[in-house]
Amino acid sequence: MWSHTQIFLVVILLSCVVFTESVIDLLTPFKRTYRIRGFPFREDPDFGNKPILEEYDFVVVGSGPAGSVVASRLSENPKWSVLLLEAGEDESVVNQLSTLAHYLQFTNFNWGYVTEFQNGACLGLTNGGRCPWPAGKGTGGSSLINNNIYTRGNRQDFDGWAKAGNEGWSYDDLLPYFLKSEDINIAELKRSPYHGIGGPMPIEYPPFRSILLDTFLDSAKEVGLNLVDYNNPNTHEGFSHIQGTIRLGRKISAYKAFIRPYKNRKNLHFAIKSRVTKILIDPNTKEAYGVEFVKARRRRTVRARKEVIISAGAFNSPHLLMLSGIGPKEHLDEIGIPVLQDLRVGDNLQEHPAFANLAFTVNRTQVSLIPERLLNDAVGTTLSWAEGQGWLTTLACEGLGYVHTKYNDRSKNPPPDIEYIFVPTSMAGEAGAGGSILRKTMGIPDSTYYDVYRDIMNKDAWTIWPMLMYPESRGTVRLRSSNPWHLPRVQSNFFAESVDLYRIVEGIKMVIELSQTKAFQALGSTLHKRPIPGCKHLVFGSDEYWACCVRQLTMQMHHQCGTCKMGPKSDKTAVVDPRLRVYGIKNLRVCDASIMPTIPGAHTVAGAYMVGEKGADLIKEDWNWINSTTSR
């Protein structure tokens with residue numbers, strides 16, 4: 001994206017100008033200080049390092065979108081004590097910039113997962129058949145390192161959960177929880193019954209808007225689609241400016257929205273750099289009573305009087321359950337872990353695969369986001385960001401579109417099966433001094449990158465990433481060993497069901513058709529046709545060629561979910577019941593995206609916030625304390 005020197009310069013400048021943010025109570029020199037500890041300018045360096053008590057009413061593991069919500073909402077009851085444990089560090093000023101999201105994947109804010117070898121996907125990536133799979137680690141979880149696009153999904157997604165036996169999880173049941181978190185700051189949506197006002201999480205359009213975004217939106221009319229609010233269940237199909245979890249162009253993490261404003265609650269304790277290694281469960285009563293964790297190289301335990309809530313994410317939640325003896329019997333026997341409860345933990349892994357390597361050049365200059373060009377004025381760029389303006393306020397991707405491929409039977413009224421992610425540059429537009437950071441996060445080798453893009457590096461261009469909304473393929477998460485410090489084995493199984501591949505290929509062809517609209521042709525949009533290595537033997541543009549490209553340069557969207565599946569008691573593949581209680585184990589719940597039975601047609605951060613809100617109310621109800629209208 002740009003060189004380390006340029007990034008460091010911007011960070012230094014940011015650290016100076018952030019002190020203008022008192023209006024939104026973010027970073028002022030009068031309220032808090034900054035210390036340089038490793039990656040720059042950590043926030044609240046003392047919070048999260050206070051003494052931990054021996055016992056709490058609730059122990060929550062993981063401070064991602066769901067965990068932060070659960071801990072915050074439970075601590076609304078002043079009679080309950082809550083401990084939130086986080087394996088990672090406190091967030092940084094730099095986490096507020098979505099444009100640096102990909103760079104942060106090379107820091108300690110990323111767990112750094114890599115999938116096991118697969119013969120049908122990721123074949124052309126650096127590790128050949130193994131996909132890098134980022135997952136957030138730190139105060140806010142994956143909300144620290146992703147672009148925080150706010151999409152909820154289609155009504156049918158959640159109605160499908162309810163029809164499968166998950167009572168209370170239909171769209172109508174869940175809409176109040178989406179609204180509860182939200183503070184919409186988009187003028188035309190403030191009166192919509194499908195948006196909330198006054199919640200902890202701000203939702204806005206990014207202030208920066210490129211000329212190319214307008215072209216993308218104009219093209220919708222030519223293909224018979226409208227401009228829509230994709231979070232309105234009645235208007236899901238169509239194109240839109242992106243909605244993001246941002247305030248004045250600054251990315252807002254789960255921690256910043258749900259924990260930081262309430263950190264002075266005496267009954268809410270938070271511990272960072274606290275790696276949970278085991279859930280403590282009485283083998284006789286099968287009752288969870290605490291957790292074991294490591295902090296400052298010291299092994300410790302903390303007890304939970306009421307419940308342990310696991311919100312560690314779709315990789316770490318099943319990992320922790322299996323380490324604690326909850327999982328598939330045949331797998332735990334193989335690893336040598338005593339089985340406390342035989343459940344299909346780690347099955348049902350789902351993700352949204354996509355293709356990010358199309359490039360369309362244009363005959364206009366100064367219309368694309370070219371970081372090398374824009375950073376020539378680092379001071380001006382940073383000062384603009386301080387005022388909530390300029391290109392640093394973009395989410396990098398600017399627009400979304402929801403479309404049907406030919407594989408959807410429209411007579412059955414299915415939801416759109418492809419999402420367009422519009423990006424006002426191309427992979428080649430990030431060919432700065434250090435090479436493209438984005439392509440490095442995807443694992444694209446230098447040889448492939450320069451072979452394909454050498455002719456158009458730093459040229460004005462655009463792209464659309466077609467993302468598959470409802471994959472039929474399922475992966476798994478399994479233990480590598482009984483050592484809790486060994487990261488789990490992740491098997492993606494991308495394209496195990498060939499229809500997933502065919503839908504993305506159709507999405508690619510539809511993007512190329514969109515480039516032929518009058519709106520895009522007014523800019524002279526032209527598909528870059530240098531073939532991808534590994535596919536040069538196929539006819540460029542054929543279905544076989546595009547299928548090869550997707551298998552070579554497979555991209556995933558950090559939307560992992562489903563590995564602690566929610567389902568009724570009759571569902572033998574379910575790990576938790578519709579109240580998120582782990583089957584067969586008392587006082588233990590899972591509350592994060594891992595409980596999703598099927599992946600929604602959405603970027604899953606909004607769904608994770610919803611699961612946290614719903615889960616917190618379920619816990620309150622079960623412990624006879626419910627006050628959903630508590631003033632915050």
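Up top is the structure.
Remember, predicted model here, so these are calculated numbers, not experimental data.

Enquirer: For the environment of threonine 563, give the residues involved together with the corresponding values.
Expert: Among the structural elements, threonine 563 can be located in the loop between β24 (555–556) and β25 (588–590). In this structure threonine 563 touches Ala314, Pro318, Arg344, Val345, Gly346, Asp347, Asn348, Leu349, Val477, Val575 and Ser594, once residues within four positions along its chain are discounted. At a separation of 2.6 Å, a polar atom in the side chain of threonine 563 contacts the main-chain carbonyl oxygen of alanine 314.

Enquirer: Describe helix α15 (residues 543–552), and please don't skip the residues or the numbers.
Expert: Structural remark: α-helix, 3.6 residues per turn; residues separated by three or four positions point the same way. α15 sits mainly inside the fold: 7 of its 10 residues count as buried. Buried residues belonging to α15 abut α13 (498–514) and β23 (526–527).

Enquirer: Describe the pattern of salt bridges, with residues and values.
Expert: Within the structure shown, the criterion is met by 33 salt bridges. Close ionic contact of glutamate 182 with arginine 152 constitutes a salt bridge, the shortest N to O distance being 2.4 Å. Taken as a pair, glutamate 182 in strand β5 (residues 182–184) and arginine 152 in the loop between β4 (132–133) and α3 (155–163) lie far apart in primary sequence, 30 residues in all. Residues aspartate 455 and arginine 530 are paired through a salt bridge, measuring 2.5 Å at the closest nitrogen-oxygen approach. Pair noted here: aspartate 455 is in the loop between α12 (446–453) and β20 (461–468) and arginine 530 is in the loop between β23 and α15, with a separation of 75 residues, a long-range link. Residue aspartate 455 is classed as partly exposed on the basis of its relative accessible area of 41%. The partly exposed category is assigned to arginine 530, whose relative accessible area is 25%. The structure contains a network of salt bridges with shared partners spanning Arg73, Glu76, Lys180, Glu613, Asp617 and Lys620.

Enquirer: Kindly report on the state of the cysteines, identifying the contributing residues and their values.
Expert: Simply put, the disulfide is a covalent bond whose two ends are the sulfur atoms of two cysteines. Applying the stated rule across the entire model yields 2 disulfides. Shown here is the disulfide that connects cysteine 122 with cysteine 131, its sulfur atoms set 1.6 Å apart. The S-S bond linking cysteine 122 to cysteine 131 shows a torsion near 75 degrees; that makes this disulfide right-handed. The same class applies to cysteine 122 and to cysteine 131, which are both buried. Once the bonded cysteines of the protein are numbered in order along the sequence, the disulfide links fall as 1-2, 3-4. Free cysteine cysteine 549: the closest other cysteine sulfur is in cysteine 535, separated by 4.1 Å.

Enquirer: Could you give an account of the environment of isoleucine 326, naming the residues involved and the relevant values?
Expert: When you line up the elements, isoleucine 326 lands in strand β14 (residues 326–327). Considering only alpha carbons, one finds isoleucine 326 and leucine 340, 14 residues apart in sequence, at a separation of 5.8 Å. Beyond its immediate stretch of four places on either side in the chain, isoleucine 326 contacts Ile281, Leu321, Leu332, Gln341, Leu343, Val345, Val582, Ile585 and Leu588.

Enquirer: Account for the packing of α13 against α15, naming residues and giving values.
Expert: Closest axis-to-axis distance for the α13/α15 pair is 9 Å, and the angle between their directions is 110 degrees. With respect to α15, the element α13 is oriented roughly perpendicular. Regarding α13 and α15, the two cross each other, and that crossing is right-handed. Facing α13, whose interface residues are Leu501, Ile504, Val505, Ile508, Lys509 and Ile512, α15 presents Asp543, Trp546, Ala547, Val550 and Arg551. A per-class count over the contact of α13 with α15 returns 8 nonpolar, no polar and 3 charged.

Enquirer: How would you explain the packing of aromatic side chains if you had to name every residue and give the values?
Expert: For the structure shown, the criterion picks out 27 aromatic pairs. Look at tyrosine 449 and tyrosine 450: their rings are 5.2 Å apart centre to centre, the planes differ by 75 degrees, and that puts the pair in the edge-to-face class. By relative accessible area, which is 0% here, tyrosine 449 ends up buried. Judged by relative accessible area, tyrosine 450 falls into the partly exposed class, the value being 37%. An aromatic cluster is defined as three or more aromatic residues linked by ring pairs; in this entry it consists of Phe216, Phe239, Phe360, Tyr420, Phe422, Trp462 and Phe520. Above the face of the tryptophan 111 ring, lysine 137 is positioned so that its terminal group lies 4.4 Å from the ring centre. When the ring centre of tryptophan 169 is taken as reference, the NZ or CZ atom of lysine 614 above it lies at 5.4 Å.

Enquirer: Requested: an account of the pairing of strand β2 (residues 82–85), with residues and values cited.
Expert: Alternating positions in β2 separate into two faces, Val82 and Leu84 on one and Leu83 and Leu85 on the other, with burial throughout. The sheet contact formed by strand β1 (residues 55–61) and β2 spans 4 bridges and is parallel. Pairing of phenylalanine 58 across the sheet is with valine 82, part of β2.

So, how was this worked out
- Residues numbered from 1 in each chain as written.
- Predicted model: local features only at pLDDT ≥ 70, side-chain atom pairs only at ≥ 80, totals over all residues.
- Heavy atoms only, no water.
- Helix = DSSP H or I, 4+ residues; strand = E, 2+ residues; numbered from the N terminus.
- Contact = heavy atoms within 4.5 Å.
- Polar contact = N/O pair within 3.5 Å; in protein donor to acceptor, adjacent residues only side chain to side chain.
- Buried < 20%, exposed > 50% of the residue type's maximum accessible area, 1.4 Å probe, protein only.
- Salt bridge = Lys/Arg side-chain N within 4 Å of Asp/Glu carboxyl O.
- Disulfide = S-S within 2.5 Å.
- Axes fitted to C-alpha atoms, helices over the stretch in contact; angles between N-to-C directions.
- Parallel < 35°, antiparallel > 145°, perpendicular 65-115°, else oblique.
- Left-handed = near helix turned anticlockwise from the far one by under 90°.
- Nonpolar A, V, L, I, M, F, W, Y, C, P; charged D, E, K, R; others polar.
- Phe/Tyr/Trp six-rings, centres within 6.5 Å; stacked < 30°, edge-to-face > 60°.
- Lys NZ or Arg CZ within 6 Å of the ring centre and 35° of its normal.
- Pairing = 2+ DSSP bridges.

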